[in-house]
Every structure is written in structure tokens, then in C-alpha cells.
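# A look at the structure
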Amino acid sequence: MLFSEILGLTHLKSYLTTSADRSRIPHAQLFVGPNGSGTLPMAIAYAQYILCQNQNGENTEGNASCNIKFEHLAHPDLHFAYPVAVNDKVKKHPTADQFAEEWRVFVKDNPYGSIFDWYLSLGIEKKQGQIGVDEALGIVKKLSLKSYEGGYKVMLIWMADKMNIAASNKLLKLIEEPPEKTIFILIAEDEEQLIQTIRSRCQVLHFPPLGEHVIKEALKTKENISDNEAQKIAHQANGDYSKALHLLHQDGGDDQFEEWFIQWVRTAFRAKGNKSAVRDLISWSESIAGTGRETQKRFLNYCLDFFRQALLYNYKATDLVFLEPATKGFKLEKFAPFVHGANIMDISEEIQNATYHIERNGNAKIILTDLSIKLTRLLHKKSPPPPSKK
């Protein structure tokens, strides 16, 4: 993968290639960035730069046969680990190696893809994937062997924040003291989900969301769309190139999320002192609970973004508002006054708590019903009065 194919992030490309040129390569690095920011393609390009002994900041001037292997993600000294779960193909003890073919297709087709896109490609979108102890044992075994080509070995762990505790503890000593010429590149969206002992042993590199201009130019060049359409999508993508592609192709599920959200808040408004509306809220909760846990978590994150956008609109920060609801009869400007300083913190906390409990296999129907009842109270909370003028 060429660095020139990676969108933006010029300063990070320069830092990584310069450190490799000077043979100052940390044995364990943690790339932290939001979805769609380019952490995975950057990690692959960086691994290629090291293993193929490329120079001058690009993956073109080193070992030609090595670079060709990377085009197919088939270099024997590049190892991957990523979240998986059982499916129709693998019935028990799933590991990354069992899904290697699907992984190569996924990375080639959508290197900026999200964890949910990955689950969809495996048909496990209703399950919660993880990097488990079976994977950790496989990593220990792989890295105990000598490199095939006599140079470095690179272990790239995508979505390392999905490692469970058993796997984390199994890898801790190896990450702290890896075999000679072994490099770990961990990729995470939420570094707080990694155990502290692993984080402390990695050099952390933070990736910012992509700039609006960067996404706009990429859409125009790669997707051949007009300047106006690219500008609109880039604004709505909020720094996430994967989301931009979903918006362009209308296959990201946000239309469904918008429908669920608007039905939810409208019912919550009516539910105060209205038994019929309360029953509707319970019915809504049952409906959402029937989807997979990953879908539930993505929907709750969507709700959190929606409330934050409404707050920005309410406080006249319209330059930061990228949300454009398409549902007939629903206007953000009419909804925004109900989201304000007196309730936004409580709403955010309740949604985050619900996400936490769903992720830990709580009863989704009970969690969502409880959240809905609380939302009814919070949406009717009065906005604080403006400060008095002396």
C-alpha cells in the first residue's frame, strides 16, 4: 500500500517514514484514531515500508518482490489479528487465520471500513466479535518462529480494544519483551478499553479525524462526483471517510437509524402522563432489542451524535452542524430547543450507560425500556433561563 494512497495525515506519514529511515522503530506502537481516519491503511503502509526496506517516504524503491507481496497482503512476515466470532464457516474457537481470505478482500475493497462493515462481511453483524485467548496463543506461536526473510516480523492487531482480558494478559509479556526484530502495531478506536499495562508499553500515536477538504477531494477523485455533492457529503461525514462512502452509496444504515430515533423521541414526548405512549415506548424497545448487539450499539452512538448536533444548533453553532434529517415533518431547528445545558449531560450519560450494559450482554429490552422512560423525563426538563442583565 502506497503512502500516497492514504488520505491526508501528511505529518504522520513523515514521522513514521523518518523514524524508520533512522532505524528508530519502537517495538510496540499503538495507533489510536476514530473510525474512518486511516489507522489501518497507515499501519499496513508502515509495515510495508519496514519489511520491504523502502526509502524516501514511499513504498516503491525497496525490495520489488516484497512490495508485490504486500499488494496481496501475502507477505509471510506480516501477521494480522482482528476481532472474529463463530459463523456458518467456523463453528468454534474462531481465530483470524480462519478468516484470512475474507480479511484480504475486506482490506482491498474498503481499507477505511468500520468494525461493523467487517462483521457484515463475515455474516456476524448480530454478534460481538472479539480477540480471544485462542488468538493470543496463535500470536505467541507465530512470533516464536524466525522470520521467513531474515528481517523484521510485524504483528498488526486491528481493533485491539476488542481484546478480552485473558488475551491481553497472555500477550502482555510478549509485548513488553518481544523477540528480536519483532514489531507490534496495535490499532484502536478507544484506547481506554485496553488494559493499562499494555498501553504503558506502547508508543501511542493519535490520528485526528480527516479534514473536510481531504474527504471532499478524495470523493471527487476516486468516486467521480461533482464538487457540490462532494462538499455536502464531506461535511456530513464528520471526518470519517468510511461514513462518506456509505452516505454516497446510501448503504450505511443511517436512514434506518434516523427513522428509529425520530419514532423514539416523538413517542417519548407523548409518554409523559400518557399510558398509551408508554406502551409504544416498550414496543419500540422490544423492536430494537430484536436486532444484534452491534447494531444496538451503533444506533445508540447515532442517538448520541444526534443529540449533540441538536445542542450545537440550539446554541447557534450551526457551522459545526452536519446532520440533515430527511424524515418528512421533522425539522432539526424545531427539535433543537429541547436539547440544552440542563439535560444534555444527563442524556449523554444515560445513553453511554445503556451502551456499556448492552456491550456486557445485559438484557437489551430492559436496558432500552429504562433508557426510554428516563428520556421522557429528560426531554421535558426546562431549559435554563438566560443570565440576567445588570
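Below or above, wherever it landed, is the structure these notes cover. Just so it is clear, the structure is predicted and the values come from calculations on it, not from any experiment.

### A few points about the side chain of Glu350
Tracing the sequence through the fold places Glu350 in helix α16 (residues 344-359). Since its relative accessible area comes to 18%, Glu350 is described here as buried.

### Let's talk about the packing of helix α12 (residues 254-270) against helix α14 (residues 293-314)
Between α12 and α14, the least distance of the axes is 10 Å, while the angle of their chain directions is 65 degrees. Relative to α14, α12 is oriented roughly perpendicular. The way α12 lies across α14 gives a crossing that is right-handed. When α12 is examined against α14, the residues Asp254, Phe257, Glu258, Trp260, Phe261, Trp264 and Val265 are found in contact with a partner set consisting of Thr295, Arg298, Phe299, Tyr302, Cys303, Phe306 and Phe307.

### A look at the packing of aromatic side chains
Under the defined criterion, the tally for this structure stands at 28 aromatic pairs. With 6.0 Å between their ring centres and 50 degrees between their planes, Phe106 and Trp158 make a pair best called tilted. Linking Phe106 in helix α4 (residues 100-109) with Trp158 in the loop between β3 (153-157) and α7 (165-176), this pair joins segments that are 52 residues apart in sequence. Neither residue differs from the other here; Phe106 and Trp158 are each classed as buried. Counting every residue linked through ring pairs, the aromatic cluster contains Phe257, Trp260, Phe261, Trp264, Trp284, Phe299, Tyr302, Phe306, Phe307, Phe330 and Phe335. For Lys181, the ring lying beneath its charged end belongs to Tyr152, and the centroid distance is 5.7 Å.

### Quick notes on the state of the cysteines
Inspection of the entire model under this criterion finds one disulfide. Here Cys52 pairs with Cys66 through a disulfide, and the sulfurs are 1.9 Å apart. In this structure, the disulfide formed by Cys52 and Cys66 twists by about -75 degrees around the S-S bond and is classed as left-handed. With a gap of 14 residues between them, Cys52 in the loop between α2 (39-51) and α3 (64-71) and Cys66 in helix α3 connect regions that are remote in the sequence. Both residues of the pair, Cys52 and Cys66, count as buried.

### Describing the pairing of strand β1 (residues 28-32)
Moving residue by residue along a regular strand, the side chains alternate between the two faces of the sheet. Buried residues dominate β1, accounting for five of its five residues. Of the two faces of β1, the one carrying Ala28, Leu30 and Val32 and the one carrying Gln29 and Phe31 are both buried. The sheet contact formed by β1 and strand β4 (residues 182-188) spans five bridges and is parallel. Note on β4: the bridge partner recorded for Phe31 is Ile187. As judged from the four bridges shared by β1 and strand β5 (residues 203-206), these two strands associate in the parallel manner. Residue pairing for β5: Gln29 is matched across the bridge by Gln203.

### A closer look at helix α1 (residues 10-21)
Counted at 1.5 Å a residue, the expected span for α1 with its 12 residues is 16 Å, and the 16 Å between its end C-alpha atoms agrees. Of all the residues in α1, the buried ones are Leu12, Lys13, Leu16, Thr17, Ser19 and Ala20. An end-on view of α1 places all buried positions within 160 degrees of arc, on one side of the element. Projecting away from the buried face of α1 at angles above 90 degrees are the exposed residues Thr10 and His11.

### Looking at the sheet that holds β5
The strand order across the open sheet formed by five strands is β2-β3-β4-β1-β5, and the pairing between neighbours is parallel. Strands with a single pairing partner mark the edges of an open sheet, and in this sheet they are β2 (78-81) and β5. Each strand of the sheet is rotated relative to its neighbour by a mean of 20 degrees, with strand direction disregarded. For β2 and β3, the ladder comprises four bridges, and the chain directions are parallel. Looking at β3, one finds that Ala81 is bridged to Ile157. Along the sheet face, helix α6 (residues 133-143) touches β2, β3 and β4 and points at about 170 degrees away from the line of β2.

### Considering α16
Taking 1.5 Å of rise per residue, the 16 residues of α16 would be expected to cover 22 Å, and the 22 Å separating its terminal C-alpha atoms lies within 8% of that figure. Along α16, the residues classified as buried are Ile344, Ile347, Ser348, Glu350, Ile351, Ala354, Thr355 and Ile358. Angularly, the buried residues of α16 cover 165 degrees about the axis, an arc narrow enough to put them on a single face. Contact partners of the buried residues in α16: α14 and α17 (364-379).

### Brief notes about the environment of Gln29
In this fold, Gln29 is placed in strand β1. Through-space distance from the C-alpha of Gln29 to that of Phe80 is 15 Å; in sequence the pair is 51 residues apart. Every residue in contact with Gln29, bar those within four places of it in the chain, is listed here: Leu16, Tyr46, Phe184, Ile185, Leu186, Cys202 and Gln203.

### What about unusual backbone geometry?
Phi angles above zero are rare outside glycine, and Gln53 is one such case at about 55 degrees. Along the polypeptide, Gln53 turns up in the loop between α2 and α3. Judged by its relative accessible area of 62%, Gln53 falls in the exposed class. Phi is positive for Asn224, which is not a glycine, with a value near 55 degrees. Checked against the element boundaries, Asn224 lands in the loop between α9 (212-223) and α10 (227-237).

Analysis parameters
- Residues numbered from 1 in each chain as written.
- Predicted model: local features only at pLDDT ≥ 70, side-chain atom pairs only at ≥ 80, totals over all residues.
- Heavy atoms only, no water.
- Helix = DSSP H or I, 4+ residues; strand = E, 2+ residues; numbered from the N terminus.
- Buried < 20%, exposed > 50% of the residue type's maximum accessible area, 1.4 Å probe, protein only.
- Axes fitted to C-alpha atoms, helices over the stretch in contact; angles between N-to-C directions.
- Parallel < 35°, antiparallel > 145°, perpendicular 65-115°, else oblique.
- Left-handed = near helix turned anticlockwise from the far one by under 90°.
- Contact = heavy atoms within 4.5 Å.
- Phe/Tyr/Trp six-rings, centres within 6.5 Å; stacked < 30°, edge-to-face > 60°.
- Lys NZ or Arg CZ within 6 Å of the ring centre and 35° of its normal.
- Disulfide = S-S within 2.5 Å.
- Pairing = 2+ DSSP bridges.
- Expected span 1.5 Å × (residues − 1).
- Arc of directions from axis to C-beta.

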